[in-house]
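# Fold and contact review
These are the residues of each chain, in order.
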Amino acid sequence: MARVITYYYPDETAPSSLKVFQDRSSQIRGFFFTRDRLEDIAKEQNAGNYAIYFLLGNDEEHAIPTIYVGQSKNGAGRITDHKHKKSFWSHCIMFVSDNNAFDTNAIDYMEYYFIQKVVSAGVYVVENKDERKKKPNVSIYDQPAYDQYVAQIEFLLQVEGVQLALPAKKITGKYYKLKGKGPSAQAYFQDGFFYLDVGSTIRPATAKSESMKATLQRREKQLQSLLAEGKIAPTQEAGCYEVLYPLSFNSPSMMAVFILGRSANGWDEFLGIRELRDTTDSERLGS
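The model shown is predicted, which means the values in this text are computed figures rather than measured ones.

## Section: the pairing of strand E10 (residues 193-196)
- With four bridges joining them, strand E9 (residues 186-190) and E10 adopt antiparallel strand pairing. Within the sheet, the bridge partner assigned to Phe189 lies in E10 and is Phe194.
- As consecutive antiparallel partners, E9 and E10 are separated by two residues, and within that stretch Asp191 has a phi angle of approximately 55°, a positive value.
- Bridging between E10 and strand E14 (residues 247-249) involves three bridges; their strand directions are antiparallel. For Tyr195, the partnering residue across the bridge sits in E14 and is Ser248.

Now the structure itself:
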(Lines give C-alpha, C1' and ligand atoms only; values in the text may rest on other atoms or scores of the structure.)
Protein backbone atom coordinates (compact mmCIF):
# COMPACT_ATOMS: atom_id res chain seq x y z
CA MET A 1 0.00 0.00 0.00
CA ALA A 2 1.35 3.41 -0.97
CA ARG A 3 1.71 6.13 1.65
CA VAL A 4 2.24 9.87 1.37
CA ILE A 5 4.42 11.89 3.75
CA THR A 6 4.18 15.67 3.90
CA TYR A 7 7.31 17.70 4.73
CA TYR A 8 7.60 21.25 6.00
CA TYR A 9 10.95 23.07 6.06
CA PRO A 10 11.01 26.00 8.52
CA ASP A 11 14.31 27.28 7.10
CA GLU A 12 14.55 27.01 3.33
CA THR A 13 18.25 27.91 3.44
CA ALA A 14 19.11 24.78 5.45
CA PRO A 15 16.43 22.15 4.69
CA SER A 16 18.58 19.20 5.74
CA SER A 17 19.06 20.49 9.28
CA LEU A 18 15.48 21.27 10.25
CA LYS A 19 12.28 19.65 9.01
CA VAL A 20 8.81 18.63 10.16
CA PHE A 21 7.10 15.63 8.57
CA GLN A 22 3.84 13.76 8.90
CA ASP A 23 1.58 11.17 7.33
CA ARG A 24 -1.49 13.38 7.11
CA SER A 25 -3.77 10.43 7.86
CA SER A 26 -2.21 10.29 11.33
CA GLN A 27 -1.95 12.69 14.27
CA ILE A 28 1.71 11.80 14.82
CA ARG A 29 4.14 14.50 13.77
CA GLY A 30 7.89 14.06 13.37
CA PHE A 31 10.65 16.62 13.85
CA PHE A 32 14.16 16.15 12.49
CA PHE A 33 16.82 18.60 13.63
CA THR A 34 20.56 18.78 13.98
CA ARG A 35 22.18 19.50 17.31
CA ASP A 36 22.68 23.18 16.51
CA ARG A 37 18.99 23.69 15.60
CA LEU A 38 17.50 22.58 18.92
CA GLU A 39 16.43 26.09 19.89
CA ASP A 40 14.79 26.56 16.48
CA ILE A 41 12.74 23.36 16.57
CA ALA A 42 11.44 24.29 20.02
CA LYS A 43 9.65 27.25 18.40
CA GLU A 44 7.68 25.04 16.01
CA GLN A 45 4.00 24.26 16.58
CA ASN A 46 3.39 21.31 18.96
CA ALA A 47 7.13 20.80 19.61
CA GLY A 48 6.44 21.18 23.33
CA ASN A 49 3.94 18.30 23.49
CA TYR A 50 4.56 14.94 25.15
CA ALA A 51 7.19 13.22 23.02
CA ILE A 52 9.32 10.19 22.27
CA TYR A 53 12.71 11.04 20.74
CA PHE A 54 15.85 9.45 19.30
CA LEU A 55 19.33 10.97 19.52
CA LEU A 56 21.64 9.65 16.80
CA GLY A 57 25.29 10.09 15.98
CA ASN A 58 28.72 8.50 15.84
CA ASP A 59 30.88 7.98 18.90
CA GLU A 60 34.57 7.73 17.98
CA GLU A 61 34.93 4.79 20.37
CA HIS A 62 32.49 2.66 18.36
CA ALA A 63 32.61 1.38 14.80
CA ILE A 64 28.83 1.50 14.41
CA PRO A 65 26.41 4.44 15.00
CA THR A 66 25.07 5.29 18.45
CA ILE A 67 21.45 5.87 19.46
CA TYR A 68 19.66 7.04 22.59
CA VAL A 69 15.90 6.62 23.12
CA GLY A 70 14.13 9.02 25.45
CA GLN A 71 10.77 10.45 26.45
CA SER A 72 9.70 13.96 27.33
CA LYS A 73 6.70 15.66 28.88
CA ASN A 74 7.67 18.97 27.31
CA GLY A 75 8.97 17.96 23.90
CA ALA A 76 12.20 19.60 22.82
CA GLY A 77 12.65 21.18 26.25
CA ARG A 78 13.92 17.89 27.68
CA ILE A 79 16.46 17.45 24.89
CA THR A 80 18.19 20.67 25.92
CA ASP A 81 19.71 18.75 28.83
CA HIS A 82 21.30 16.29 26.41
CA LYS A 83 22.96 19.04 24.41
CA HIS A 84 25.35 19.56 27.31
CA LYS A 85 25.48 16.08 28.84
CA LYS A 86 25.68 13.83 25.76
CA SER A 87 28.33 14.63 23.18
CA PHE A 88 27.83 11.78 20.70
CA TRP A 89 24.66 12.92 18.96
CA SER A 90 24.61 14.97 15.78
CA HIS A 91 20.87 14.95 15.15
CA CYS A 92 17.56 14.09 16.77
CA ILE A 93 14.25 12.73 15.54
CA MET A 94 11.32 13.53 17.83
CA PHE A 95 7.67 12.51 17.61
CA VAL A 96 4.61 14.12 19.19
CA SER A 97 0.88 13.85 18.68
CA ASP A 98 -0.37 17.10 17.20
CA ASN A 99 -3.62 16.73 19.15
CA ASN A 100 -1.55 15.98 22.28
CA ALA A 101 -3.02 12.48 22.60
CA PHE A 102 0.21 11.14 24.12
CA ASP A 103 0.27 10.97 27.91
CA THR A 104 2.73 9.75 30.53
CA ASN A 105 1.74 6.11 30.12
CA ALA A 106 1.99 6.31 26.32
CA ILE A 107 5.49 7.76 26.18
CA ASP A 108 6.64 5.41 28.93
CA TYR A 109 5.45 2.41 26.94
CA MET A 110 6.94 3.71 23.70
CA GLU A 111 10.29 4.35 25.34
CA TYR A 112 10.30 0.76 26.63
CA TYR A 113 9.28 -0.62 23.25
CA PHE A 114 11.87 1.24 21.20
CA ILE A 115 14.72 0.59 23.62
CA GLN A 116 13.97 -3.12 23.34
CA LYS A 117 13.73 -2.76 19.56
CA VAL A 118 17.11 -1.10 19.06
CA VAL A 119 18.86 -3.36 21.57
CA SER A 120 17.60 -6.53 19.89
CA ALA A 121 18.34 -5.20 16.40
CA GLY A 122 21.99 -4.62 17.23
CA VAL A 123 22.38 -2.05 14.46
CA TYR A 124 23.37 0.68 16.92
CA VAL A 125 25.34 1.09 20.10
CA VAL A 126 22.54 1.89 22.57
CA GLU A 127 23.47 4.77 24.86
CA ASN A 128 20.64 4.12 27.36
CA LYS A 129 22.05 2.90 30.67
CA ASP A 130 18.65 1.49 31.67
CA GLU A 131 17.55 -0.95 28.96
CA ARG A 132 13.98 -1.07 30.33
CA LYS A 133 13.71 -4.88 30.25
CA LYS A 134 10.47 -4.92 32.25
CA LYS A 135 7.34 -4.02 30.29
CA PRO A 136 5.25 -1.24 31.89
CA ASN A 137 1.74 -2.09 33.01
CA VAL A 138 -0.60 -1.17 30.18
CA SER A 139 -4.38 -1.26 30.23
CA ILE A 140 -6.00 -3.58 27.71
CA TYR A 141 -8.03 -0.55 26.62
CA ASP A 142 -4.91 1.52 25.90
CA GLN A 143 -2.76 -1.18 24.26
CA PRO A 144 -4.36 -0.93 20.76
CA ALA A 145 -3.80 2.84 20.64
CA TYR A 146 -0.18 2.48 21.80
CA ASP A 147 0.46 -0.20 19.19
CA GLN A 148 -0.85 2.14 16.51
CA TYR A 149 1.49 4.90 17.74
CA VAL A 150 4.43 2.50 17.62
CA ALA A 151 3.63 1.26 14.12
CA GLN A 152 3.35 4.78 12.74
CA ILE A 153 6.57 5.93 14.41
CA GLU A 154 8.43 2.84 13.15
CA PHE A 155 7.41 3.72 9.60
CA LEU A 156 8.44 7.37 9.96
CA LEU A 157 11.79 6.37 11.46
CA GLN A 158 12.45 4.16 8.46
CA VAL A 159 11.52 7.07 6.17
CA GLU A 160 14.36 8.98 7.84
CA GLY A 161 16.81 6.11 7.46
CA VAL A 162 16.75 4.74 11.01
CA GLN A 163 17.26 0.96 10.97
CA LEU A 164 15.17 -0.99 13.46
CA ALA A 165 16.10 -4.47 12.29
CA LEU A 166 19.19 -6.47 11.40
CA PRO A 167 20.40 -5.26 7.98
CA ALA A 168 19.84 -8.54 6.16
CA LYS A 169 21.80 -9.00 2.95
CA LYS A 170 19.61 -8.45 -0.09
CA ILE A 171 19.64 -11.43 -2.45
CA THR A 172 20.51 -9.32 -5.47
CA GLY A 173 23.46 -7.60 -3.76
CA LYS A 174 27.06 -8.27 -4.74
CA TYR A 175 30.00 -9.18 -2.51
CA TYR A 176 33.39 -7.45 -2.70
CA LYS A 177 36.31 -9.49 -1.39
CA LEU A 178 39.42 -8.11 0.26
CA LYS A 179 42.52 -8.39 -1.93
CA GLY A 180 45.80 -10.01 -0.97
CA LYS A 181 46.92 -12.85 1.22
CA GLY A 182 45.90 -13.48 4.79
CA PRO A 183 42.55 -13.95 6.53
CA SER A 184 39.57 -13.23 4.27
CA ALA A 185 36.95 -10.51 4.50
CA GLN A 186 34.08 -9.53 2.26
CA ALA A 187 31.72 -6.60 2.10
CA TYR A 188 28.55 -5.46 0.36
CA PHE A 189 26.91 -2.12 -0.34
CA GLN A 190 23.31 -1.64 0.70
CA ASP A 191 21.00 1.29 1.48
CA GLY A 192 23.88 3.77 1.36
CA PHE A 193 26.23 1.87 3.70
CA PHE A 194 29.17 -0.48 3.26
CA TYR A 195 28.72 -3.63 5.34
CA LEU A 196 31.50 -5.91 6.55
CA ASP A 197 29.84 -9.30 6.31
CA VAL A 198 29.50 -12.00 8.96
CA GLY A 199 32.43 -14.42 8.88
CA SER A 200 34.96 -11.80 7.83
CA THR A 201 38.23 -11.54 9.73
CA ILE A 202 39.59 -8.36 11.30
CA ARG A 203 43.38 -8.46 11.31
CA PRO A 204 45.93 -7.23 13.88
CA ALA A 205 47.16 -3.67 13.50
CA THR A 206 50.40 -3.35 11.54
CA ALA A 207 50.82 0.42 11.16
CA LYS A 208 53.86 1.88 12.94
CA SER A 209 53.73 5.53 11.90
CA GLU A 210 53.01 8.24 14.43
CA SER A 211 50.31 9.66 12.16
CA MET A 212 48.26 6.47 12.62
CA LYS A 213 48.58 6.38 16.41
CA ALA A 214 45.28 8.12 17.22
CA THR A 215 43.42 6.10 14.58
CA LEU A 216 44.71 2.80 15.96
CA GLN A 217 43.87 3.80 19.53
CA ARG A 218 40.33 4.59 18.45
CA ARG A 219 40.18 1.31 16.52
CA GLU A 220 41.25 -0.62 19.61
CA LYS A 221 38.45 0.98 21.66
CA GLN A 222 35.98 0.07 18.93
CA LEU A 223 37.19 -3.53 18.90
CA GLN A 224 36.83 -3.85 22.65
CA SER A 225 33.34 -2.38 22.52
CA LEU A 226 32.25 -4.75 19.73
CA LEU A 227 33.79 -7.65 21.62
CA ALA A 228 31.80 -6.77 24.75
CA GLU A 229 28.62 -6.48 22.68
CA GLY A 230 29.15 -9.91 21.12
CA LYS A 231 29.44 -8.55 17.57
CA ILE A 232 32.96 -9.94 17.09
CA ALA A 233 34.89 -12.81 18.69
CA PRO A 234 38.60 -13.70 18.95
CA THR A 235 39.88 -16.31 16.51
CA GLN A 236 42.62 -18.87 17.06
CA GLU A 237 45.03 -16.60 15.22
CA ALA A 238 46.53 -14.06 17.61
CA GLY A 239 45.14 -10.55 17.32
CA CYS A 240 42.39 -11.51 14.84
CA TYR A 241 38.64 -11.28 15.30
CA GLU A 242 35.75 -12.89 13.46
CA VAL A 243 32.76 -10.72 12.58
CA LEU A 244 29.55 -12.18 14.06
CA TYR A 245 27.23 -9.37 13.04
CA PRO A 246 27.17 -7.12 9.94
CA LEU A 247 29.13 -3.94 10.68
CA SER A 248 28.24 -0.77 8.75
CA PHE A 249 30.63 1.93 7.55
CA ASN A 250 30.13 5.20 5.71
CA SER A 251 32.98 4.56 3.28
CA PRO A 252 35.08 1.62 2.02
CA SER A 253 38.24 3.30 3.31
CA MET A 254 36.90 3.49 6.87
CA MET A 255 36.07 -0.20 6.57
CA ALA A 256 39.48 -1.13 5.12
CA VAL A 257 41.40 0.73 7.84
CA PHE A 258 39.28 -0.99 10.48
CA ILE A 259 39.91 -4.47 9.00
CA LEU A 260 43.62 -4.06 8.29
CA GLY A 261 44.80 -1.83 11.11
CA ARG A 262 46.83 0.39 8.79
CA SER A 263 46.39 3.20 6.30
CA ALA A 264 44.27 1.94 3.39
CA ASN A 265 42.25 3.12 0.42
CA GLY A 266 39.12 1.01 0.45
CA TRP A 267 38.46 1.59 -3.25
CA ASP A 268 41.73 -0.26 -3.93
CA GLU A 269 41.58 -2.90 -1.21
CA PHE A 270 38.35 -4.64 -2.29
CA LEU A 271 38.04 -6.46 -5.62
CA GLY A 272 35.51 -4.82 -7.94
CA ILE A 273 34.30 -2.20 -5.48
CA ARG A 274 35.38 0.65 -7.76
CA GLU A 275 32.34 -0.10 -9.91
CA LEU A 276 30.20 1.50 -7.22
CA ARG A 277 32.12 4.78 -7.47
CA ASP A 278 32.21 4.64 -11.27
CA THR A 279 28.45 4.04 -11.41
CA THR A 280 27.77 6.92 -9.02
CA ASP A 281 30.01 9.27 -11.01
CA SER A 282 28.32 8.29 -14.27
CA GLU A 283 24.86 8.89 -12.85
CA ARG A 284 25.91 12.26 -11.50
CA LEU A 285 27.35 13.27 -14.87
CA GLY A 286 24.23 12.04 -16.65
CA SER A 287 26.03 9.47 -18.77
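From this point, the narrative continues.
## Comments concerning the sheet that holds strand E1 (residues 6-8)
- Sheet architecture is open: seven strands sit in the order E1-E2-E3-E6-E4-E5-E7, paired in mixed fashion. Looking at strand neighbours, the two that pair on one side only are E1 and strand E7 (125-126), the edges of this open sheet.
- In this sheet, strand E6 (residues 89-97) lies alongside strand E4 (residues 51-57) in antiparallel orientation, the contact comprising seven bridges. Note on E6: the bridge partner recorded for Leu55 is Cys92.

## Some thoughts on the sheet that holds strand E13 (residues 241-243)
- Taken in spatial order, the three strands of this open sheet run E11-E13-E12, and their pairing is antiparallel. For this open sheet the edge positions go to strand E11 (201-202) and strand E12 (232-234), each flanked by a neighbour on one side alone.
- Here E12 runs beside E13; their pairing, made up of three bridges, is antiparallel. When the sheet's bridge partners are listed, Ile232 is paired in E13 with Val243.
- Sheet contacts for helix H5 (residues 213-228): E11, E12 and E13; angle to E12, the most-contacted strand, approximately 100°.

## Concerning the pairing of strand E2 (residues 18-22)
- In terms of burial, E2 is largely enclosed, as five of its five residues are buried.
- One ladder, built from three bridges, connects E1 with E2; its direction is antiparallel. Directly across from Tyr8, in E2, lies its bridge partner Val20.
- Bridge analysis of E2 against strand E3 (residues 28-34) gives five bridges, and the strand direction is antiparallel. Bridging from a neighbouring strand, Leu18 pairs with Phe33 of E3.
- Connecting E2 to the next strand, E3, in antiparallel fashion are five residues.

## Re the nonpolar core
- Counting 32 residues, the largest nonpolar core has Phe54, Phe95, Met110, Phe114, Ile153 and Leu157 as its most contacted members.
- For this core, the elements supplying multiple residues, two or more each, are E3, E4, strand E5 (66-72), E6, helix H3 (104-121) and helix H4 (143-159).
- With nine residues, H3 is the single largest residue contributor to this core.
- If sequence neighbours within four positions are ignored, Phe114 has contacts with Phe54, Val69, Val150, Ile153, Glu154, Leu157 and Leu164.

## Let's talk about helix H6 (residues 252-260)
- With respect to burial, H6 is a largely interior element, seven of its nine residues being buried.
- Where H6 is buried, its residues contact E9, E10, E11, H5, E14 and helix H7 (266-269).
- Trailing H6 by a residue or two, Gly261 shows a phi angle of about 70°, which is positive.

## A few points about the confidence of the model for the chain
- Residues at a pLDDT of 70 or more form 92% of the chain, whose mean pLDDT is 88.
- Here helix H8 (residues 274-285) stands out as the element of the chain with the lowest mean pLDDT, 63, in contrast to E11, whose mean of 96 is the highest.
- Low confidence marks residues 282-287, where pLDDT is under 50. Its contacts with residues over four positions away, or in another chain, come to one contact.

## A closer look at the environment of Arg218
- Relative to the elements of secondary structure, Arg218 occurs in helix H5.
- Residues Arg218 and Phe258, spaced 40 residues apart in sequence, show a C-alpha to C-alpha distance of 9.8 Å.

## Some details on the packing of H3 against H4
- It is at 10 Å that the axes of H3 and H4 come closest, and there the two elements cross at 50°. The orientation of H3 with respect to H4, classified from their angle, is oblique. You can see that H3 and H4 cross each other, and the crossing is right-handed. Across the interface between the two elements, Asn105, Ala106, Tyr109, Met110, Tyr113, Phe114 and Lys117 from H3 touch Gln143, Tyr146, Asp147, Tyr149, Val150, Ile153, Glu154 and Leu157 from H4.
- Each residue belonging to the contact of H3 with H4 can be placed in one class, and the counts come to 10 nonpolar, two polar and three charged.

Rules used in this analysis
- Residues numbered from 1 in each chain as written.
- Predicted model: local features only at pLDDT ≥ 70, side-chain atom pairs only at ≥ 80, totals over all residues.
- Heavy atoms only, no water.
- Pairing = 2+ DSSP bridges.
- Helix = DSSP H or I, 4+ residues; strand = E, 2+ residues; numbered from the N terminus.
- Contact = heavy atoms within 4.5 Å.
- Axes fitted to C-alpha atoms, helices over the stretch in contact; angles between N-to-C directions.
- Buried < 20%, exposed > 50% of the residue type's maximum accessible area, 1.4 Å probe, protein only.
- Core = buried A, V, L, I, M, F, W, Y, C linked by side-chain atoms within 4.5 Å.
- pLDDT = per-residue confidence, 0-100.
- Parallel < 35°, antiparallel > 145°, perpendicular 65-115°, else oblique.
- Left-handed = near helix turned anticlockwise from the far one by under 90°.
- Nonpolar A, V, L, I, M, F, W, Y, C, P; charged D, E, K, R; others polar.

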